[in-house]
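Residue-level structural notes
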Amino acid sequence: MLERDELSRLTTDVPGNAWRIVRIADDVPLDDTDLQSWDPGTQTVLIQGTTGPQGEAPLAPDVQERVWQAMRDMPGRIFWYLDPMTRMALVPAMSPATWQACTDPSNLAADACR
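Report on the accompanying structure. As the structure is a prediction and not an experimental result, all values here were calculated from the model.

Within the largest apolar cluster, 18 residues are counted, with the highest numbers of intra-cluster contacts made by I21 and V67. Elements supplying a minimum of two residues to this core: β1 (18–24), α1 (61–73) and β3 (78–83). Sort the elements by how many residues they give to this core and α1 lands first, with 5 residues. In this structure, I21 is in contact with L10, T44, V45, L46, I47, L59, V67, I78, F79, W80 and L90, ignoring residues within four places of it in sequence. Core analysis: the next-biggest nonpolar cluster, separate from the first, contains 5 residues, V22, I24, V28 and F79 among them.

In structure tokens:
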């Protein structure tokens, strides 16, 4: 899980590596045996690039916001491909204040968990 500001400092251990952040379509199963979700044809690329000399994959502020919103709108369907064979699901974490509001039984606000 990522907090919002962590999108500004994504990093890997490998410099000069191609990476991409993608959205997998709703109708594509993530646990199928033919690995359809790994097929670039089933993915919408949100951003792609090459890691820097320290393995960093920096995202501009507007891209960070787009990726963050996609993570919130389509939880479990946004993946960061660190390379063609390695991916990580990007899932938004709640801030401590949001978590506290969300778990407070007296807080009945519809947006308590957002």
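Having put the structure on the table, let's press on.
Bringing the environment of V91 into the picture now. When you line up the elements, V91 lands in the loop between β4 (86–89) and α2 (96–103). C-alpha of V91 to C-alpha of S8: the two residues are 83 residues apart in sequence and 15 Å apart in space. Setting aside chain neighbours within four positions, we find V91 in contact with M1, L2 and M71.

The next subject is the sheet that holds strand β2 (residues 43–50). Read from one edge to the other, the open sheet built from 4 strands follows the order β2-β1-β3-β4, with strand pairing classed as antiparallel. The strands lining the two open edges of the sheet, one partner per strand, are β2 and β4. Strand-to-strand twist in this sheet, taken as the mean axis angle between neighbours without regard to direction, amounts to 20°. As paired strands, β3 and β4 are joined by 4 bridges and run antiparallel to one another. Note on β4: the bridge partner recorded for Y81 is R87.

Scoring rules and cut-offs
- Residue numbering note: each chain is counted from 1, following its sequence as written.
- Where local features are concerned, this predicted model is filtered to residues with pLDDT of at least 70; where side-chain atom pairs are given and counted, the filter is 80 or more; whole-chain, interface and lining totals use all residues.
- As a rule here, side-chain values come from all non-hydrogen atoms in the structure, and water together with hydrogens is ignored.
- The criterion is simple. A nonpolar core is a set of buried Ala, Val, Leu, Ile, Met, Phe, Trp, Tyr and Cys residues joined through side-chain atoms within 4.5 Å.
- Each residue is placed in one exposure class: buried if its accessible area under a 1.4 Å probe, protein chains only, is under 20% of its type's maximum, exposed if it is over 50%, and partly exposed if it falls in between.
- A run of DSSP states H or I qualifies as a helix once it reaches four residues; a run of E qualifies as a strand once it reaches two. Both are numbered from the N-terminal end.
- Any two residues having at least one pair of non-hydrogen atoms within 4.5 Å are treated as being in contact.
- For two strands to pair, DSSP has to find at least two bridges joining them.
- A fitted line through C-alpha atoms represents every axis, and for helices the fit uses only the stretch in contact; the resulting angles, taken between N-to-C directions, go from 0 to 180 degrees.

This is a description of form; function is not addressed.
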